[in-house]
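# Per-entry structural report
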Amino acid sequence: MTDSDRTLLRNSIDQVVDLEFSDGNRHLAQILFVFDEGDTPDVFYLKVSAGPDGTFVPQENTGHSVLLADIAAVHPYQP
């Protein structure tokens, strides 16, 4: 992840971004919290999908936490 990816992630609290992971997986995520300090910086988010009316629908009832080191890139959401 680049410095600009980290900045986009920190500036996207309560917004949806496209997360690209180191293993090649990607999904839309509503960012809830970014902890970018210490030995294990991470992000907490809800996995979402775009609904037919333009809103976002949570795909699961629980949130996810992932280390920033496991994120390859952060992309702005593009419908």
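See the structure shown above.
First things first, this report covers the structure right here in the doc.

What counts as what
Residues numbered from 1 in each chain as written. Predicted model: local features only at pLDDT ≥ 70, side-chain atom pairs only at ≥ 80, totals over all residues. Heavy atoms only, no water. Helix = DSSP H or I, 4+ residues; strand = E, 2+ residues; numbered from the N terminus. Buried < 20%, exposed > 50% of the residue type's maximum accessible area, 1.4 Å probe, protein only. Contact = heavy atoms within 4.5 Å. Lys, Arg positive; Asp, Glu negative; His and termini not counted. Charge placed at Lys NZ, Arg CZ, Asp CG, Glu CD. Salt bridge = Lys/Arg side-chain N within 4 Å of Asp/Glu carboxyl O. Patch = residues over 30% accessible without salt bridge, like charges linked within 9 Å, V, L, I, M, F, W, Y side chains within 5 Å. Areas by Shrake-Rupley, 256 points an atom, 1.4 Å probe, with all protein chains shown as cover. Core = buried A, V, L, I, M, F, W, Y, C linked by side-chain atoms within 4.5 Å.

## Structural notes on the overall build of the chain
Each helix and strand counted, the chain has one helix and six strands in total. Taken from the N to the C terminus, the helices and strands of the chain come in the order α-β-β-β-β-β-β. Each principal axis of the C-alpha distribution contributes one length, and for the chain these read about 40 × 25 × 25 Å. Going through the 79 residues of the chain one by one, you find that 29% of them count as buried. Look at the contacts in the chain between residues 6 or more apart in sequence, and 41% of them connect residues 24 or more apart. In the chain, the 4 positive side-chain charges and the 13 negative ones have mean positions that sit 3 Å from each other.

## What about the pattern of salt bridges?
As enumerated under the stated definition, the model contains four salt bridges in all. For the salt bridge of Arg-10 with Asp-36, the shortest nitrogen-to-oxygen distance reads 2.7 Å. Linking Arg-10 in helix H1 (residues 3-10) with Asp-36 in the loop between strand E2 (26-35) and strand E3 (42-50), this pair joins segments that are 26 residues apart in sequence. For Asp-36, a relative accessible area of 26% puts it in the partly exposed group. In this structure, a network of salt bridges that share partners links the residues Arg-6, Arg-10 and Asp-36.

## Quick notes on a nonpolar patch on the surface
On the surface, a nonpolar cluster with roughly 280 Å² of combined accessible area is contributed by Phe-33, Phe-35 and Phe-44. Here Phe-35 lies in strand E2.

## What to know about unusual backbone geometry
Of note, the phi angle at Asp-14 is positive, near 70°, even though the residue is not glycine. Among the secondary structure elements, Asp-14 is positioned in the loop between H1 and strand E1 (16-21).

## A short note on the nonpolar core
Grouped together as the largest cluster of nonpolar side chains are 13 residues, with contacts concentrated most on Leu-9, Leu-19, Ile-31, Val-43, Tyr-45 and Ile-71. Looking at this core, the elements with two or more residues in it are E1, E2, E3 and strand E6 (71-76). Aside from chain neighbours lying at most four places away, what touches Ile-31 is Leu-9, Ser-12, Ile-13, Asp-14, Gln-15, Val-17, Val-43, Phe-44 and Tyr-45.

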